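Below, each chain spelled out in residue letters.
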Amino acid sequence: MYDSAKRLEMPPFPVDRFIDAVHQVVAANADWVPPYGSGATLYIRPYMFASSPVIGVKPADEYQFRIFVTPVGPYFKGGAKPIVVKISDFDRAAPRGTGHIKAGLNYAMSLHAIVTAHAEGFAENIYLDPATRTKIEETGGANIIFVDKDGNLIVPKSDSILPSITRRSIVYVAEKYLGLKVTEREVLLSEVPDFKECGLCGTAAVISPVGKINDHGKEIAFSSGMEKMGPVIQKLYDTLTGIQMGSIEAPAGWIHKVE
Ligand SMILES: *Cc1c(COP(=O)(O)O)cnc(C)c1O
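Residues numbered from 1 in each chain as written. Predicted model: local features only at pLDDT ≥ 70, side-chain atom pairs only at ≥ 80, totals over all residues. Heavy atoms only, no water.

Undergrad: Requested: an account of the overall build of the protein, with residues and values cited.
TA: Helices and strands together make up the secondary structure of the protein, namely six helices and 11 strands. The C-alpha radius of gyration of the protein comes to 19 Å, within 12% of the 18 Å expected for a compact globule of 259 residues. The principal-axis extents of the C-alpha atoms in the protein amount to approximately 50 × 50 × 35 Å. When burial is assessed residue by residue, the protein has 43% of its 259 residues classed as buried. Across the protein, every contact between residues at least 6 apart in sequence was considered, and the portion connecting residues at least 24 apart equals 63%. Summed over its atoms, the accessible surface of the protein is roughly 14400 Å², and 55% of this surface lies on carbon and sulfur atoms. One finds the centroid of the 27 positive side-chain charges in the protein at a distance of 1 Å from the centroid of its 29 negative side-chain charges. (Helix = DSSP H or I, 4+ residues; strand = E, 2+ residues; numbered from the N terminus. Rg over C-alpha atoms; globule rule 2.2 N^0.38 Å. Buried < 20%, exposed > 50% of the residue type's maximum accessible area, 1.4 Å probe, protein only. Contact = heavy atoms within 4.5 Å. Areas by Shrake-Rupley, 256 points an atom, 1.4 Å probe, with all protein chains shown as cover. Lys, Arg positive; Asp, Glu negative; His and termini not counted. Charge placed at Lys NZ, Arg CZ, Asp CG, Glu CD.)

Undergrad: An account of the domain arrangement of the protein is needed here, citing residue identities and associated values.
TA: Examined at the domain level, the protein breaks down into domain 1 (2-72) and domain 2 (83-245). Each of domain 1 and domain 2 has a C-alpha centre, and the two are 26 Å apart. At the interface, five residues of domain 1 touch eight residues of domain 2. When domain 1 packs against domain 2, the two sides together hide about 580 Å² of surface, and 69% of this comes from carbon and sulfur. Where domain 1 touches domain 2, the interface holds zero salt bridges. At the surface where domain 1 touches domain 2, the tally comes to three residue pairs in polar contact (both at pLDDT 80 or more). Per-class residue counts for the side of domain 1 that touches domain 2 are two nonpolar, one polar and two charged. (Domains from an automatic or database assignment. Buried area = accessible area lost by both parts, 1.4 Å probe. Salt bridge = Lys/Arg side-chain N within 4 Å of Asp/Glu carboxyl O. Polar contact = N/O pair within 3.5 Å; in protein donor to acceptor, adjacent residues only side chain to side chain. Nonpolar A, V, L, I, M, F, W, Y, C, P; charged D, E, K, R; others polar.)

Undergrad: Describe in detail the side chain of D129, supporting the description with residues and values.
TA: Relative to the assigned elements, D129 resides in the loop between strand 4 (124-128) and strand 5 (136-139). Buried charge without a salt bridge: D129, with K135 as the nearest opposite-charge side chain at an N-O distance of 4.3 Å. Only 3.1 Å separates the side chain of D129 from the backbone nitrogen of T134, close enough to count as a polar contact. When near neighbours in sequence (up to four residues on either side) are disregarded, D129 contacts T134, K135 and E137.

Undergrad: For the site of the ligand, give the residues involved together with the corresponding values.
TA: As a structural note, the neighbourhood of the ligand is formed by 15 residues, with K102, Y107, E138, S164 and T203 the closest of them. Within the backbone of A142, a nitrogen or oxygen atom sits 3.4 Å from a nitrogen atom of the ligand. For the ligand, an oxygen atom lies 2.6 Å from a polar atom in the side chain of T166. Protein contacts shield 90% of the accessible area of the ligand, which totals 380 Å² for the unbound molecule. (Near = heavy atom within 4 Å.)

Undergrad: Please provide a residue-by-residue account of the pattern of salt bridges, values included.
TA: Counted by the stated rule, this structure contains nine salt bridges. Two residues, R133 and D91, come together in a salt bridge whose shortest N-O distance is 2.4 Å. Residue R133 is found in the loop between strand 4 and strand 5, and its partner D91 is found in the loop between strand 3 (83-87) and helix 3 (104-108); the two are separated by 42 residues along the sequence. In this structure D91 comes out as partly exposed when scored by relative accessible area, which is 36%.

Undergrad: How would you sum up unusual backbone geometry? Please name residues and give values.
TA: Phi is positive for R96, which is not a glycine, with a value near 65°. Its place among the elements puts R96 in the loop between strand 3 and helix 3. Phi is positive for R133, which is not a glycine, with a value near 50°.

Undergrad: Could you give me a rundown of the nonpolar core, with the residues and numbers involved?
TA: Within the largest apolar cluster, 23 residues are counted, with the highest numbers of intra-cluster contacts made by I145, L153, I170, I207 and L236. Leave out the neighbours within four places in its chain, and I170 touches I145, L153, C201, V206, I207, L236 and L240. Residues V85, V210, I213 and F222 belong to the second largest nonpolar core, which totals 19 residues. (Core = buried A, V, L, I, M, F, W, Y, C linked by side-chain atoms within 4.5 Å.)

Undergrad: Summarise a nonpolar patch on the surface; cite the residues concerned and give the values.
TA: Where nonpolar side chains cluster on the molecular surface, the patch consists of Y172, Y177, W254 and I255 and spans about 350 Å² of accessible area. Looking at the secondary structure, you find W254 in the segment after helix 6 (231-245). Residue W254 is classed as partly exposed on the basis of its relative accessible area of 33%. (Patch = residues over 30% accessible without salt bridge, like charges linked within 9 Å, V, L, I, M, F, W, Y side chains within 5 Å.)

Undergrad: Residue-level account of the pairing of strand 10 (residues 206-215), with values.
TA: For strand 10, a buried count of nine out of 10 residues is recorded, marking the element as mostly surrounded by other parts of the structure. Inspection of the sheet shows strand 3 paired to strand 10 by four bridges, in the parallel sense. By the bridge assignment for strand 10, K86 is matched with N214. A loop of three residues connects strand 9 (residues 197-202) with strand 10, the two strands running antiparallel in sequence. Pairing geometry for strand 10 and strand 11 (residues 218-221), over four bridges, is antiparallel. Considered in strand 11, the bridge of K212 is made with A221. Hairpin connection of strand 10 to strand 11: two residues between the antiparallel strands, including H216 at a positive phi of 50°. (Pairing = 2+ DSSP bridges.)

This is the structure:
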């Protein structure tokens, strides 16, 4: 959020005050924190917008930083079923554009593409790099991870994808908890059929398993199938959610106790 504010010429909200604000909002809404073990969570959404009158294209003089929280039910009701996603003909973010920050404009442009994908029966869009349309970027709201045939984690790298905290946590868990080899590099669409597992990662779902990718009618089916998560992605999911729930010891600094 700090980086996004700077890129948008908004004053970044100071990090220490941000942490304090999250603590205060969660403490004030303690009654809304769902019971432990229910699978439901308290979703925390910080946001910032300009609130002074401006006509013309220039930064505003006044901004509001707010945090809202809401209880949300378990993301996967009845287990995480693999989804089918499509390769989109739309572009998400230009090289050297704003794809690497969390800005409203990135989601406004994705709505037509997602409504279209849903109407065609797909759960999400995978966007390619607009310059060459050969490399995997990410979906509208989640980064993508792959597992190769040797069980290594392959993570697409690009300057125009959102640096998802979930993806970065998964990379840490893969290396430090599960001893997996992780490679962050450019990933060509043409090599995706060689991978065994695929998942989409973001705060809400943690990891959504992908069973198939539809590339203009050509299906890429992962060997993990359409019934359950692949074994490596399942381990990553179980470890990261175990850390979140407190059943697995967390790395230093990952857990904040709200009194
Ligand atoms: C929010 C978002 C993600 C996921 O980021 P997290 O920090 O893991 O929630 C990935 N891609 C895009 C485009 C996003 O907006």
